[in-house]
Amino acid sequence: MNNNIINAAEEIFTRINNARDKAGRSDLEKIFFTAVSKTRNVDEMHEAEKFMHIDYFGENRVQEAESKNASFGEKRIPWRLIGHLQANKARKALEIFDYIDSLDSIELANRLNRIAGEMNKKVKVLIEINTSGEESKSGISRQNFNELVDNVIELENLGLEGFMTVGPLTEDKYAVRRAFAELRELAEHAREITGLELPVLSMGMSSDFELAILEGSTMVRIGSLLFGPRVYK
Ligand SMILES: *Cc1c(COP(=O)(O)O)cnc(C)c1O
């Protein structure tokens, strides 16, 4: 048994709740805990899954998730795709993942909708927004955001539940908070325009999840703080 993961999970869960209190948010407001399991093996994932306050696994590559999925066995919690999805992996992604959080173009939305139709299922999605404007980051730009929302809500096999962003890579807390506030504002605007609930704001990672919660995050995505530093082979 790997106590490190469970201990880390408990500590993170406490910090999530403390940040929510500090933000003056109700403790009835659930903040979902996505364990980012990229580069981790199936045993580590099974260990994390024992912690009842972890709600999802997040994976960023279809191929890696596919190989883990093959040997995983029974799942307690759903899996979310949080990395950029290439068109040619869309079908495979829909076989493995319960949620696609990285929807970032009209073409991808149309393709997912068509394949989901063929598979006879409805797919829950988040739209990923590039709030920092950093070119290395994926996600739809602010300028093209409204158009993507308008398109996605017309697609009958996609269920839009909210939005995701990755904060800028900087020590500047104000810049980080500004990016998260931007996601919240864009979401509020989209709710007004569409009349839909769109409740999910997936923002905040190991280094910035408390700032994200101060700005209204409803879902944090934690990798290295939970499992330890990532080693890429
Ligand atoms: C890797 C990753 C995370 C987790 O990052 P940590 O800093 O290890 O917590 C969260 N979101 C996305 C999109 C990622 O790719």
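Presented here is an overview of the structure given in this document. (Residues numbered from 1 in each chain as written. Predicted model: local features only at pLDDT ≥ 70, side-chain atom pairs only at ≥ 80, totals over all residues. Heavy atoms only, no water.)

1. Observations concerning the overall build of the protein
How we decide: The secondary structure listing takes helices from DSSP runs of H or I that are at least 4 residues long and strands from runs of E that are at least 2 residues long, numbered from the N terminus. The size measure is the radius of gyration over C-alpha atoms, and the globule rule it meets is 2.2 Å times the number of residues to the 0.38 power. Only protein chains enter the accessibility calculation, which uses a 1.4 Å probe. A residue is then buried if its area is under 20% of the maximum for its type, exposed if over 50%, and partly exposed in between. Any two residues having at least one pair of non-hydrogen atoms within 4.5 Å are treated as being in contact. Using a 1.4 Å probe, the Shrake-Rupley method yields the accessible areas, and only the shown protein chains count as cover for residues. For the charge count, each Lys or Arg is scored as positive and each Asp or Glu as negative, with His and the chain ends excluded. Every charge is mapped onto a representative atom, which is NZ of Lys, CZ of Arg, CG of Asp or CD of Glu.
Across its full length, the protein carries 9 helices and 8 strands. Against the globule reference of 17 Å for 233 residues, the protein gives a C-alpha radius of gyration of 17 Å, in line with a compact fold. Seen through its C-alpha atoms, the protein measures out along the principal axes to roughly 45 × 40 × 35 Å. For the protein, the proportion of its 233 residues judged to be buried stands at 51%. For the protein, long-range pairs separated by at least 24 residues make up 60% of all intrachain contacts whose partners lie at least 6 apart in sequence. When the accessible area of the protein is evaluated, it comes to approximately 11,500 Å², of which 46% is carbon and sulfur surface. Taking the average location of the 31 positive side-chain charges in the protein and that of its 38 negative ones, the two points are 3 Å from each other.

2. Notes on unusual backbone geometry
Its identity as a non-glycine residue notwithstanding, T39 has a phi of 70 degrees, on the positive side. Along the chain, T39 falls in the loop between β1 (32-36) and α2 (42-49). Looking at T39, the relative accessible area reads 22%, which means it is partly exposed. With a phi angle near 40 degrees, L198 is a residue other than glycine that sits in the positive phi range. Relative to the assigned elements, L198 resides in the loop between α7 (173-194) and β7 (200-202). By relative accessible area, L198 is classed as buried at 1%.

3. Digging into the site of the ligand
This is how the line gets drawn: A cutoff of 4 Å decides nearness: a residue is near a molecule or strand if any of its heavy atoms lies inside that distance of it. Counted as a polar contact is a pair of N or O atoms within 3.5 Å, where, for protein atoms, one must be capable of donating a hydrogen and the other of accepting one, and residues adjacent in sequence contribute only when both atoms are in side chains. Put plainly, a pocket is an open set of points on a 1 Å grid over the protein atoms alone with protein on both sides within 12 Å along at least five of seven lines, a cavity is a set where a 1.4 Å probe fits but cannot get out, and a lining residue has an atom within 4 Å of a point. To decide whether a molecule occupies a pocket or cavity, check its atoms: if more than half lie within 2 Å of the grid points, it is inside. Residues are grouped as follows: Ala, Val, Leu, Ile, Met, Phe, Trp, Tyr, Cys and Pro are nonpolar; Asp, Glu, Lys and Arg are charged; every other residue, Gly included, is polar.
As a matter of local geometry, the ligand sits amid V36, K38, I82, V166, M205, S206, R221, I222, G223, S224 and R230. Between K38 and the ligand, the recorded distance is 2.7 Å, taken from a side-chain N or O atom to an oxygen atom. Note that an oxygen atom of the ligand is positioned 2.8 Å from one of the backbone N or O atoms of S224. Across the complex, the protein chains shield 89% of the 390 Å² of accessible surface that the ligand would expose by itself. In this structure the site holding the ligand corresponds to the largest pocket. Looking at the shell around the ligand residue by residue, the classes come out as 5 nonpolar, 3 polar and 3 charged.

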